[in-house]
Amino acid sequence: MTPRLLVTASPHLGSADSTPRIMWTVVGSLVPIIAAATWFFGVSALLVIAAATAGAVVTERVFGRHGVLADGSAAITGLLLGLTLPAGLPLWMAFVGGAFGIGCGKLVFGGLGQNVFNPALLGRAFVQAAFPAAMTTWPVHGGSWWQLKGDNLAWPLTSPRAAEFVTGASPLGKMKFEHADTSLWSLVIGSTEGSLGETAGLLILLCGGYLALRNYLNWRIPVSIFATVGVLAAALHQLDPARYPGALFMLFSGGLMLGAMYMATDLVTSPVTNLGCWAFGAGIGVLVVVIRIWGGLVEGVMYAILLMNALVPYLNAWTQPRVMGTRAVERAS
Amino acid sequence: MGVRPGRNGHGRFRHGVHPPELKELTAKTPIRRAPFPDEVVLPLRQHTGKPARAIVAPGARVERGDTVAEADGFVSSPVHASATGIVEAIELWPHPDGSWAPAVRIAVERYSVQAARPRLVPEWESLSPAELIEAIRQAGVVGLGGAAFPTHVKLSPPKDARIDTVLINGCECEPYLTTDHRTMVEYPERVHLGLRIMMRVLGVTRGVIGVETNKPDAIEALRATKPTDIDVTVQPLEVKYPQGAEKMLIASVLGREVPSGKLPLHVGVVVQNVASAATIAEVFETGLPLVERIVTVTGRGVRQPANLIVPVGTKVRDLVAACGGFTDDAREIVFGGPMMGVAQANLDTPLVKGTSGIVVLSEDEVRGQRSYPCIRCGHCLDACPVFLNPQHLGQLALKGRYEEMEAMHLADCMLCGCCGYTCPSNIPLPQLFALAKTALRQRPAVKA
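What counts and what doesn't
- Residues numbered from 1 in each chain as written.
- Chains lettered and ligands numbered in written order.
- Predicted model: local features only at pLDDT ≥ 70, side-chain atom pairs only at ≥ 80, totals over all residues.
- Heavy atoms only, no water.
- Helix = DSSP H or I, 4+ residues; strand = E, 2+ residues; numbered from the N terminus.
- Rg over C-alpha atoms; globule rule 2.2 N^0.38 Å.
- Contact = heavy atoms within 4.5 Å.
- Areas by Shrake-Rupley, 256 points an atom, 1.4 Å probe, with all protein chains shown as cover.
- Buried area = accessible area lost by both parts, 1.4 Å probe.
- Salt bridge = Lys/Arg side-chain N within 4 Å of Asp/Glu carboxyl O.
- Nonpolar A, V, L, I, M, F, W, Y, C, P; charged D, E, K, R; others polar.
- Pairing = 2+ DSSP bridges.
- Axes fitted to C-alpha atoms, helices over the stretch in contact; angles between N-to-C directions.
- Parallel < 35°, antiparallel > 145°, perpendicular 65-115°, else oblique.
- Left-handed = near helix turned anticlockwise from the far one by under 90°.
- Phe/Tyr/Trp six-rings, centres within 6.5 Å; stacked < 30°, edge-to-face > 60°.
- Buried < 20%, exposed > 50% of the residue type's maximum accessible area, 1.4 Å probe, protein only.
- Lys NZ or Arg CZ within 6 Å of the ring centre and 35° of its normal.
- 1 Å grid on protein atoms, 1.4 Å probe; cavity = no way out; pocket = protein on both sides within 12 Å on 5 of 7 lines; lining within 4 Å.
- Points joined across faces, edges and corners; volume = space filled by probe spheres on them.
- Core = buried A, V, L, I, M, F, W, Y, C linked by side-chain atoms within 4.5 Å.
- Expected span 1.5 Å × (residues − 1).
- Bend = angle between axes of the 7 residues up to and from the residue.
- pLDDT = per-residue confidence, 0-100.

In terms of helices and strands, chain B carries 14 helices and 17 strands. A compact globule built from 448 residues would reach a C-alpha radius of gyration of about 22 Å, and chain B, at 21 Å, matches this within 12%. Dimensions along the principal axes, computed over C-alpha positions, put chain B at roughly 60 × 50 × 50 Å. In chain B, once contacts between residues fewer than 6 apart in sequence are set aside, the share between residues at least 24 apart is 73%. Per element, the accessible surface of chain B, about 17,400 Å² overall, is 54% carbon and sulfur.

On to the interface of chain B and chain A. Facing 63 residues of chain B, the contacting portion of chain A comprises 42 residues. Looking only at chain B, the three residues that lose the most surface to chain A are R331, I375 and R376 of chain B, adding up to 17% of its buried area. For the pair chain B and chain A, the interface holds 1 salt bridge. Across the salt bridge formed by R322 of chain A and E257 of chain B, the nearest N and O atoms sit 2.9 Å from each other. Elements with a minimum of two residues in the side of chain B that touches chain A: α6 (246-254), β15 (330-335), β16 (342-344), α9 (379-383), α10 (390-398), α11 (402-407), α12 (418-422) and α13 (429-441) of chain B. Ranked by residues supplied to the side of chain B that touches chain A, first place goes to β15 of chain B with 5 residues. Grouping the amino acids of the side of chain B that touches chain A by side-chain chemistry returns 35 nonpolar, 17 polar and 11 charged.

Quick look at the sheet that holds β15 of chain B now. Residue and element names in this part refer to chain B. Reading across the sheet, the 6 strands line up as β1-β14-β13-β17-β15-β16 and stay open at both edges, with mixed pairing between neighbours. Edge positions in the sheet fall to β1 (32-33) and β16, since each of these pairs with one other strand and no more. Alignment of strand β13 (residues 292-298) against strand β14 (residues 306-311), held across 6 bridges, turns out to be antiparallel. The residue bridging V295 from the neighbouring strand is L308, located in β14. Running at roughly 125° to β13, helix α3 (residues 179-186) makes contact with β13 and β14 of the sheet.

All names here are of chain A. Look at helix α3 (residues 73-83) against helix α5 (residues 119-130): their axes get within 8 Å of each other, and the N-to-C directions meet at 45°. When the axes of α3 and α5 are compared, the pair comes out oblique. The two elements α3 and α5 meet at a crossing, and its hand is right-handed. Touching T77, L80 and L81 of α3 are P119, A120, G123 and R124, all from α5.

Attention now goes to the packing of aromatic side chains. Applying the stated criterion across every chain, the model contains 5 aromatic pairs over all chains. Geometrically, the ring pair formed by F100 of chain A and F126 of chain A is stacked, given 4.1 Å between the ring centres and 10° between the ring planes. Of the two residues, F100 of chain A sits in helix α4 (residues 91-105) while F126 of chain A sits in helix α5, which places them 26 residues apart along the sequence. The class for F126 of chain A is partly exposed, based on a relative accessible area of 29%. In this structure, R190 of chain B packs its charged tip against the face of Y187 of chain B, placed 4.6 Å from the ring centre.

As a further point, take empty space enclosed by the protein. If a probe as big as a water molecule is rolled over the atoms, it shows which places are left empty. Residues and elements named next belong to chain A. For the structure on display, the rule yields 6 cavities of 30 Å³ or more. Volume-wise, the largest cavity comes out at about 300 Å³. Elements represented by at least two residues in the lining of the largest cavity include exactly α1 (19-41), α3, α5 and α12 (256-263). When residues of the lining of the largest cavity are assigned to their parent elements, the largest contribution, 4 residues, is made by α3. The residue makeup of the lining of the largest cavity, split by class, is 15 nonpolar, 5 polar and 2 charged.

Glancing now at the nonpolar core. Ranked by size, the top nonpolar core spans 85 residues in total, and within it L83, L85, L196, Y262 and I284 of chain A carry the most contacts. Here this core takes 11 residues from α1 of chain A, the largest share from any one element. Ignoring anything within four residues of it in the chain, the contact list for L85 of chain A reads V48, A52, A94, V127, M135, S195 and L196 of chain A. Judged by nonpolar contacts, the second largest core, of 38 residues, contains A139, I209, A277 and A281 of chain B.

Next up on the list: the sheet that holds strand β9 (residues 165-170) of chain B. All names here are of chain B. With parallel pairing, the 4 strands of this open sheet are ordered in space as β11-β10-β9-β12. Only two strands of the sheet have a single partner each, and these edge strands are β11 (231-237) and β12 (269-273). Across this sheet, the average inter-strand angle for adjacent strands is 25°, counted without regard to direction. For strand β10 (residues 206-212) and β11, the ladder comprises 7 bridges, and the chain directions are parallel. Within β11, the residue paired with G210 across the bridge is Q235.

Residues and elements named next belong to chain A. The end-to-end C-alpha separation of helix α10 (residues 220-239) is 28 Å, in line with the 28 Å expected for 20 residues at 1.5 Å each. Among all positions of α10, only R220, I221, P222, S224, I225, F226, T228, V229, G230, A233 and L236 are buried. The inward-facing, buried residues of α10 abut α9 (201-213), α11 (247-252), α12 and α13 (274-294).

To continue, consider helix α14 (residues 301-318) of chain A. Residues and elements named next belong to chain A. In a regular helix each residue adds 1.5 Å, so 18 residues correspond to 26 Å; α14 covers 24 Å between its end C-alpha atoms and thus fits that length. By the largest-angle criterion, L311 marks the main kink of α14, which is about 50°, and a proline, P313, follows within four residues. In this fold, the buried residues of α14 make contact with α5, α12 and α13.

Residue and element names in this part refer to chain B. The final tally for this structure, using the stated rule, is 32 salt bridges over all chains. Among the salt bridges present, the one from R33 reaches E292, with a minimum N-O distance of 2.9 Å. In this pair, R33 is assigned in strand β1 and E292 in strand β13, connecting sequence segments 259 residues apart. With a relative accessible area of 46%, R33 lands in the partly exposed category. The exposure class assigned to E292 is buried, which follows from its relative accessible area of 14%. One continuous salt-bridge network, built from bridges that share partners, spans E39, E88, E91, R105 and K315.

Right, let's get into the environment of A130 of chain B. Among the secondary structure elements, A130 of chain B is positioned in helix α1 (residues 129-138). Residue A130 of chain B is classed as exposed on the basis of its relative accessible area, which comes to 56%.

Once that is clear, we can look at the pairing of β13 of chain B. Residues and elements named next belong to chain B. Across the 7 residues of β13, 7 count as buried, placing the element largely inside the fold. The pairing of β13 with strand β17 (residues 357-362) spans 3 bridges and is parallel. Residue T296 lies in a different strand from β17, and its bridge partner there is G357.

As a further point, take the confidence of the model for chain B. All names here are of chain B. Per-chain confidence: chain B averages 92 in pLDDT, with 96% of residues scoring 70 or above. Considering only residues more than four positions removed or in separate chains, one finds that residues 1-9, a stretch of pLDDT under 50, has 22 contacts. Both scores are available for the predicted complex, with the pTM at 0.90 and the ipTM at 0.88.

Glancing now at the confidence of the model for chain A. The pLDDT averaged across chain A works out to 86; a share of 88% of its residues lies at or above 70. Scored below 50 in pLDDT, residues 329-333 of chain A shows 14 contacts in the model against residues more than four places distant or in partner chains.

The structure is reproduced here in structure tokens:
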């Protein structure tokens, strides 16, 4: 029997990893984090994450190329964006954030692989700029699981009724404005006020670590961020313990864990060279500490990553590997 | 068993990939002789360099070992009849590289014993280096690892080159192939004799045979037969693709880095494949030129994978028939290994001197056709053994910016396929780079 012959270029074998497989594995690794957020914040968490994801996926489906949803990247953007939002956020705002992240953060650049900035963070930056009050209203824990933690069902363009709900400040806000401490244990476990996915530091570390083991994220980026933030925070804490918080507080508070493990490591918007990844992480670490301690904002992870995203092409060009058998390192244009 | 890669003698190179080895199909299968086919086809270009010039006419009777085409120039190699028979035609025929190229077609004589014409076998020890090189040249010996560079050219380095080591490549890092493996296990004395002759030709005192540690029986066989009067070592090497690439092998074994755009002889090394070494030994043992080679016919697409001794010029059709035929899910026929080999479109394509394996891949192991956009994961940078940036090169290639690729050392790319193997978006990077190289080569002609 003569087979129907296939004639393709070498290599004729491929590794088992594929882009959709990487993306859907990332989605899978987010499931425990979403479950934790739902445990802490009740049904509101699910609703907000679903709204952000719907915004991202619908935008990709409507304006993206045919069949792009299958690669899973829009779902990641939506889920990650949802995890950076407070539980009480009106759902329409979450939806707008997801739509903006995909539309203006990714599709205008040409879709998957072409964007400069992390789409989820761009979506969050938009929501924060557009709805600053709603974005800094952190519901406290407690109440029944079914009870909404805020004005989730507010109609678009109506002002949220935040005053009717029990809210509190996030640990970073407490540190900055009230000089109040939060116990490290509740930071690690996640039983504090804050965005949905920002609170369970240990769980995020485990889920991201799994991706690093699969080589689906470059472990050098989070390690570099943690080392830089840890060293800087510890040094400042030594100088003036009353004014500057310790290294562990800095590492486990706010969005640092989620940002370091999931946002900064976005394959598309991080450097391709390993040396570039070290520098990228260090830059984020420095910016986070600077913004948190001396900046006007409570939290700096988002802007730190977005700023470093803009530098990625330069980092890539500056850290080209030395080609075997050549002397000087030559820069890519 | 003492076959770990050496720590300080390196035994390792940086980067590279770990494809599945898939060698178990034929690793323990002894080499056997395949039956002579009814017809052999001998392309005039079976080596790197200028094609040979045919010196027989249709209708002529040739005996096994007779010269049918002469070398045309120094970087060229003669072609010999691989079976006794009648020359049918000299015509264009499907070539393993995918083109149609001139070839001598011989109808093999039925019921012939296929004995070689009695020939004077020179005692190699009585010959001078120049005479040894000439004997090797006349026997049509070329590198049997795949690139088929004429061996006599490699053995004639420029006068000012200071060669100190002959390195025998027994890595066979391509998945599936076991040609070199079985040669080392079954003919270790020939490998050593070939190495000894080459060391004599080059006036070199050190010989090293590099073997990946997944072939412990080959390492054992080579060590058991190692000569004691000359300095020959058998160096176990890490199992990693492309350990058998010349530059990687030199880095692993000697810790030397071949300069960009230069040859191994610039760092004092001549590299030869084990099968080439064994063939040189055979030339002086039997007097028969290179008319047959050992080839692995394997893959999940053939029913009885085997290591065969076959006449050069045997068609794929006959080779697969000698191995029980195709399975129902056979899909792609590759000459060489699956990482660098060339897929064939025609079952009449003949095996040439440089064909180290014929791999028939099944439907479910061929690579998918669908590509995704580059997600800049950087896996290709971690895979590239010469430390190029395949990610950036690939983006430039897609835009046709070939000049910029040249500035990024595209010339150092050896098309090993590591980047394409590891790419999760299934971007055909090696194909893009091959295209860019071709475009750059043809550039002056286009401009003129």
